[in-house]
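# Chains, contacts and geometry: an overview
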Amino acid sequence: MPPIAAKFVELYGAQPDVIASAPGRVNLIGEHVDFLDGFVLPFAISDVTTVAIAKNSSNSIRVASLQKASEISVVERSKLEPLSGEPWTRYPIGVLWALEIDSGLDILIDGQVPLGAGLSSSAALECAVATAVNELFKLNLPLPTLARAAQKGENIYVGMPCGIMDQSVSLMAKQGHALLLDTRDLSTEQIPFDIAPHHLELLVIDTQVHHALVDGGYAERRASCEKAVSDLGITSLRDISLTDFVLRKSELDATTYARAFHGVTEMQRVLDAVELLKSADFRGFGKIVSAAHISLRDNYTVSAPELDLAVTTALEFGALGARMIGGGFGGSAIALVSAQDAELVRLQITSSFSAAKFRAPRFFSPLPSSGARITDLTTPH
Ligand code: ADP
Ligand code: MG
């Protein structure tokens, strides 16, 4: 019996019907373009969130998490309402709400994805629940539909205006690959990113800082990109070439231009990065990753001193490429480093942070792994 099943029995007094797991993710390139119909290139990490679920014959949903002291929260099925209930329970329950599941359920969660480190523990949790109920109720929903449901749960039930990237890669990833996702139509292509045999490591540097700007700053930049689309009279920043965009500079105010410039160039960087990965040119790929950081810092203006220091230190000590990831104003950065330089880069970043009197960073070295899966309960564990 998998360990979570034993805990489930302890808590609810019955066996789970289904156990499913889904991973967190790292986005290699394509930052702040998932709401612009852009391309993104994330990979799934090996850390997963696991959920065990069983139907119950009551009118309530009971949910507990090993990361929340296993305390059971009980929600009446007739009272499922966006933004209601204890905040963390909105992530799993939002998925049930989005999929219109009409049954009493017992749910236990065990998440191994670090929370709030920019690795998307939220999508891992949502996608584990979506995968489990898809199996339990034989819904046979295709993965893009499950991704949309998980996103709808987070957007409306949790109240977080996230894009579709995290859920898509958590459900569709393939080991040793990154997922090229077109956020316009959710079409995908698996792109080789098998770093270990190339003696490379993808370092995630979690600065553990979150500057206060984060909510307003994010919305304001998104609004700038939408303003550029409307001022230029186009359908999307996806639909203008860089040449045309630059030629029409005088039609936009300076801030709108700079922020939209990030969007237009970032989409092209993703496509260029994909071509380089297809020919295993990691050095060329690294240069594009670093160019993305410059654009996030100078055009989109969402970096932070901690992120800039992590990136410059990594590059100074041999990283092939480095950039901030996620919303910005704090959070994490990534650096692609040769395996033999990884320890030196970690040490140098730690000491540069200490010299700058920044909080000590955390490091992760995730490997590109496969997406959501069901645990077979018929084979012995
Ligand atoms: P990230 O997705 O980058 O890790 P978020 O703030 O989007 O950060 O999501 C983290 C939130 O998701 C947590 O604060 C918690 O509410 C919820 N969550 C994620 N994993 C778990 C878990 N294993 N148990 C309970 N809640 C979880
Ligand atoms: Mg999240």
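Residues numbered from 1 in each chain as written. Chains lettered and ligands numbered in written order. Predicted model: local features only at pLDDT ≥ 70, side-chain atom pairs only at ≥ 80, totals over all residues. Heavy atoms only, no water.

## Notes on the overall build of the chain
Definition in use: Labels follow the DSSP assignment, with helices taken as runs of H or I lasting at least four residues and strands as runs of E lasting at least two, numbered in each case from the N terminus. The globule rule is 2.2 Å times the number of residues to the power 0.38, and the radius of gyration it is compared with is taken over C-alpha atoms. Each residue gets one of three labels from its accessible area relative to the maximum for its type: buried under 20%, exposed over 50%, partly exposed in between, using a 1.4 Å probe on protein chains only.
When its secondary structure is counted, the chain shows 11 helices and 13 strands. Computed over the C-alpha atoms, the radius of gyration of the chain is 21 Å, within 12% of the 21 Å expected from 2.2 N^0.38 for a compact globule of 381 residues. Expressed as lengths along the three principal axes of its C-alpha atoms, the size of the chain is roughly 65 × 50 × 40 Å. In the chain, which comprises 381 residues, the proportion classed as buried is 55%.

## Description of the site of ligand 1
Put simply, the test is: Note on terminology: near, applied to a residue and a molecule or strand, indicates that one of the residue's heavy atoms is within 4 Å of it. Contacts described as polar in this section are N or O atom pairs within 3.5 Å, which, within protein, must combine one atom able to donate a hydrogen with one able to accept it, while residues neighboring in sequence count only if both atoms come from side chains. Under the convention used here, a 1.4 Å probe and the Shrake-Rupley method define accessible areas, while residue burial counts only the protein chains that appear. Three classes are used, and their members are as follows: Ala, Val, Leu, Ile, Met, Phe, Trp, Tyr, Cys and Pro are nonpolar, Asp, Glu, Lys and Arg are charged, and the others, Gly among them, are polar.
Around ligand 1, the structure places 15 residues, and the nearest of them are Ser65, Gln67, Gly116, Ser121 and Ser122. The side chain of Gln67 places a nitrogen or oxygen atom 2.9 Å from a nitrogen atom of ligand 1. In this structure, Ser122 approaches ligand 1 through a side-chain N or O atom, which is 2.9 Å from an oxygen atom. In isolation ligand 1 offers 570 Å² of accessible surface; the protein chains occlude 80% of this area. Broken down by secondary-structure element, the contributors of at least two residues to the shell around ligand 1 are strand S6 (104-111) and helix H3 (121-136). Considering every element that reaches the shell around ligand 1, the biggest residue donor is H3, with 3 residues. When the residues that make up the shell around ligand 1 are grouped by side-chain class, the tally is 6 nonpolar, 8 polar and 1 charged.

## Remarks on the sheet that holds strand S7 (residues 177-182)
What counts, and what does not: Paired strands are those between which DSSP finds at least two bridges. Only heavy atoms enter the contact rule, under which two residues are in contact if any of them lie within 4.5 Å. Note on geometry: axes are C-alpha line fits, over the in-contact stretch for helices, and angles between N-to-C directions span 0 to 180 degrees.
Pairing is antiparallel across the open sheet formed by 3 strands, whose spatial order is S2-S7-S8. At either margin of the open sheet sits one strand with a lone partner, and together these are strand S2 (39-40) and strand S8 (188-192). Sheet analysis places S2 next to S7, joined by 2 bridges and oriented antiparallel. When the sheet's bridge partners are listed, Phe39 is paired in S7 with Asp182. Of the strands in this sheet, S2, S7 and S8 are in contact with helix H5 (residues 165-172), which crosses S7 at around 135°.

## Some details on the pairing of strand S10 (residues 321-324)
In S10, alternate side chains face the same way, and those of Gly321 and Arg323 on one face and Ala322 and Met324 on the other are all buried. Here 4 bridges tie S10 to strand S11 (residues 330-338), and the two strands are oriented antiparallel to one another. Among the inter-strand pairings, Met324 is bridged to a residue of S11, identified as Ala333.

## Remarks on the layout of surface pockets
For clarity, the cut-off: For cavity detection a 1 Å grid was placed over the protein atoms alone, and a set of points counts as a cavity when a 1.4 Å probe fits there but cannot get out; an open set counts as a pocket when protein lies on both sides within 12 Å along at least five of seven lines, with lining residues being those that have an atom within 4 Å of a point. Grid points are joined across faces, edges and corners, and a volume is the space filled by probe spheres set on the points. Where each domain starts and ends comes from a domain assignment, either automatic or drawn from a database.
Of the voids in this model, the largest pocket is the one considered here, and its volume is about 1300 Å³. Along its surface, the largest pocket is lined by 47 residues, and Arg25, Ser122, Glu154, Met160 and Asp166 are the ones closest to its centre. Breaking the lining of the largest pocket down by element, the ones donating at least two residues are strand S1 (18-27), S6, H3, H5, helix H6 (214-232) and S11. Top element by residues in the lining of the largest pocket is H6. It accounts for 4 residues. For the lining of the largest pocket, the per-class residue count stands at 19 nonpolar, 21 polar and 7 charged. Each of domain 1 (3-193 + 369-374) and domain 2 (196-364) gives at least three residues to the lining of the largest pocket.

## Thoughts on unusual backbone geometry
For Leu83, which is not glycine, the phi torsion reads 65° and is therefore positive. Structurally, Leu83 can be placed in the loop between strand S5 (73-76) and helix H2 (90-98). Not every positive phi belongs to a glycine, and Leu186 is a case in point at roughly 65°. As for its position among the elements, Leu186 is in the loop between S7 and S8. Classification of Leu186 by relative accessible area gives buried; the value is 9%.

## Things to note about the environment of Ala333
Examined against the element boundaries, Ala333 turns out to sit in strand S11. When its relative accessible area of 1% is taken as the criterion, Ala333 is described as buried. Residues Ala333 and Val311, spaced 22 residues apart in sequence, show a C-alpha to C-alpha distance of 7.0 Å. Not counting chain neighbours up to four residues away, the residues in contact with Ala333 comprise Leu203, Val204, Ile205, Leu307, Ala310, Val311, Arg323, Met324 and Ile325.

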